[in-house]
Amino acid sequence: MYKRDTIAAISTAVGDGGIGIIRVSGSEAIEIVDLLFKGKEENKLINSTSYKAHYGHIVERESGKIIDEVITLVMKAPKTYTTEDVVEINCHGGIVVLQKILNLVLKAGVRLAEPGEFTKRAFLNGRIDLAQAEAITDLIRSKTEAGLEVALKQLEGSLSNKINDIRQDIVSLLAHLEATIDFPDDEVEEFDPNQLDTRIGGIINKVEDLIKTSNRGKILKEGIKAAIIGKPNVGKSSLLNALLREKRAIVTDIPGTTRDIIEEVINIDGIPVKIIDTAGIRETEDVVEKVGVEKSEDLLKEADLILLVLDASQAISEEELDIVKKANDKDIILVINKVDLKEEIELGDIELILDSKDIVKTAAIDNEGIDKLEDTISSLIFRGDISSNSDTLISNIRHKNALDRAYGRLLDVQKTFQMGLPNDFITIDLRAALESIGEITGDTIGEDIIDQIFADFCLGK
Ligand code: GDP
């Protein structure tokens, strides 16, 4: 572990709060906070045992003025968040107090930490790998319990273990292949071609299994986007209201767009389903007919799931049929609304395109069929994605890209081998695959990318 300078930052969220925490980490952390801290007992922090809290005050050195009543927590290297000496000053939560204490700490000779720098130190000092470090931001930012669980498992190292296992497989294969290249006449045992093929296949399968979890991982982390579309008056608003009534809606304002979009999120089996609000489009009346297929195509593109609402009391229109065809590569649920009225609708061709379980009959005004609709959404979300190793999920696009690259190289390895080309051709691709895999845990990754990853962290983390 190299010696790094001592850093500090406010680690709690900005705003009024009961308490706020300033975190100081580095070899001089305890000494420097000692200069500002006046404990009830005369004990100096420097003599403190690890994980001990001390009650007292932060005092301005020149004037002797008390700034706040605090509790300082002393944690000694190496068993700390950063593996360095860490002191946390628990003070009152107002931003002025926090800022003032932080300034005193900085003035005493500490540098202000960059975003994510504490976690970066934990990584650089080898306490956690890159995937675990990223799990910490995921954990902080998780919006759902399901997402939180994914992040926690990743933090505990479940993904890292899988990645290391794959790396180990590749390394041992490489070692053997390289031995046969370097010492062709020695007694290095030649591989039985069948055995080699099986080993390459085994590695490919492991990588493929992980890639397969990425869809579900993304859904658990981010939820899905659903669009409710249909002609005017078929009952889209009523349906949305019925869905919102059943589940508590979280409404978030997203500023910065030309008009503020209201995102309504319903929670289905722990998965946030964001309803893309078509209010703006509804203003110009009709998505399907007037604004035309073009606009609804945009909507189709943006959404992961389409709820196409039809009026049971009317015959189906060409445009509606068109939407079903256009949405063919998406998940689409046909909601036949107003089934309390006399049914005139003929599903005809649609039934051939869609599975019957993706057609749900509702009477939105009576809340009828809403449970069934939720079940259908839920089964579409989870369909087929629950693989045998679903306890470890890929939920980070950086990891997914690295796995995709490794996968491509491994397929090349397989091809090269099956074509009977010499071993050094195989090892080139195998090395490249190893490198891509190693990017996930940060074993093979450039400093600039590491900096980029941590720059995305919150301040004080
Ligand atoms: P939108 O234009 O597609 O958003 O449709 P609305 O939700 O505004 O509904 C249009 C009209 O249909 C309203 O008068 C609703 O009360 C009525 N409506 C909605 N759902 C049903 C239903 O299930 N049965 C019946 N009979 N009327 C409904």
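Residues numbered from 1 in each chain as written. Predicted model: local features only at pLDDT ≥ 70, side-chain atom pairs only at ≥ 80, totals over all residues. Heavy atoms only, no water.

Engineer: Is there a simple way to think about the sheet that holds strand β1 (residues 7-10) in this case?
Structural biologist: Adjacent strands of a sheet form backbone hydrogen bonds with each other and so pair up, either parallel or antiparallel. In spatial order, the strands read β3-β4-β5-β6-β2-β1-β7; together these seven strands make up an open sheet with mixed pairing. Only two strands of the sheet have a single neighbouring strand rather than two, namely β3 (37-39) and β7 (111-112). Pairing of strand β5 (residues 66-75) with strand β6 (residues 86-92) involves five bridges; the strand directions are antiparallel. Bridged to M75 within β6 is V86. Together, β1, β2 (19-25), β4 (52-59), β5, β6 and β7 form the strand contacts of helix α2 (residues 95-107), whose direction differs from that of β1 by roughly 175°. Packed on one face of the sheet, helix α3 (residues 117-124) meets β1, β2 and β7 and runs near 135° to β1. (Pairing = 2+ DSSP bridges. Helix = DSSP H or I, 4+ residues; strand = E, 2+ residues; numbered from the N terminus. Contact = heavy atoms within 4.5 Å. Axes fitted to C-alpha atoms, helices over the stretch in contact; angles between N-to-C directions.)

Engineer: It is not clear to me how the side chain of R398 should be interpreted in this structure. Could you clarify?
Structural biologist: Its location among the elements puts R398 in helix α15 (residues 397-418). At 2.8 Å, the side chain of R398 and the side chain of E134 are in polar contact. A polar atom in the side chain of R398 sits 2.9 Å from the backbone oxygen of E439. Not counting the four nearest positions on each side in its chain, R398 is found in contact with L130, E134, E439, I440, I445 and I453. (Polar contact = N/O pair within 3.5 Å; in protein donor to acceptor, adjacent residues only side chain to side chain.)

Engineer: Help me understand the nonpolar core in this model?
Structural biologist: Most often, soluble globular proteins have nonpolar side chains that are buried together. The biggest cluster of nonpolar side chains holds 32 residues, and the ones touching the most others in it are V273, L305, L307, I333, L373, I377 and I381. Looking at this core, the element that brings in the most residues is helix α14 (residues 370-382), giving six residues. Built from parts of two domains, this core gets at least three residues from each of domain 2 (135-213 + 393-442) and domain 3 (224-381). If sequence neighbours within four positions are ignored, L305 has contacts with I224, K225, A226, A227, D331, I332, I333, I377 and L380. (Core = buried A, V, L, I, M, F, W, Y, C linked by side-chain atoms within 4.5 Å. Buried < 20%, exposed > 50% of the residue type's maximum accessible area, 1.4 Å probe, protein only. Domains from an automatic or database assignment.)

Engineer: Where do I start with the packing of α3 against helix α17 (residues 447-455) in this structure?
Structural biologist: Working note: a packed helix pair is described by the angle between its axes plus the distance between those axes. Between α3 and α17, the shortest axis-to-axis distance is 9 Å and the interhelical angle comes to 140°. Classed by the angle they form, the pair α3 and α17 counts as oblique. Crossing geometry of α3 relative to α17 is assigned as right-handed. In contact with T119, K120 and F123 of α3, α17 contributes I450, D451 and F454. Considering only residue class, the contact of α3 with α17 consists of three nonpolar, one polar and two charged. (Parallel < 35°, antiparallel > 145°, perpendicular 65-115°, else oblique. Left-handed = near helix turned anticlockwise from the far one by under 90°. Nonpolar A, V, L, I, M, F, W, Y, C, P; charged D, E, K, R; others polar.)

Engineer: What exactly am I supposed to notice about helix α8 (residues 214-222) here?
Structural biologist: Residues spaced three or four apart along an α-helix face the same direction, because each turn holds 3.6 residues. Those residues of α8 that fall on the buried side of the exposure criterion are S214, R216, G217, I219 and L220. Of the surrounding elements, those touching the buried residues of α8 are α5 (145-156), α7 (193-212), β8 (224-230), β11 (271-276), α14 and α15. At the C-terminal side of α8, G223 shows a positive phi close to 80°.

Engineer: Quick question: what am I supposed to make of the pattern of salt bridges here?
Structural biologist: Two side chains with opposite charge may pair up if their charged atoms get near one another. Scanning the model with the defined rule gives 23 salt bridges in all. As a salt-bridge pair, R398 and E134 come within 2.8 Å of each other at their nearest N and O atoms. Residue R398 is located in helix α15, and its partner E134 is located in helix α4 (residues 130-141); the two are separated by 264 residues in the primary sequence. Residue R398 is classed as buried on the basis of its relative accessible area, which comes to 18%. The class for E134 is buried, based on a relative accessible area of 6%. Linking K206 and D165 is a salt bridge whose minimum nitrogen-to-oxygen distance equals 3.0 Å. Taken as a pair, K206 in helix α7 and D165 in helix α6 (residues 158-182) lie far apart in primary sequence, 41 residues in all. Classification of K206 by relative accessible area gives partly exposed; the value is 31%. (Salt bridge = Lys/Arg side-chain N within 4 Å of Asp/Glu carboxyl O.)

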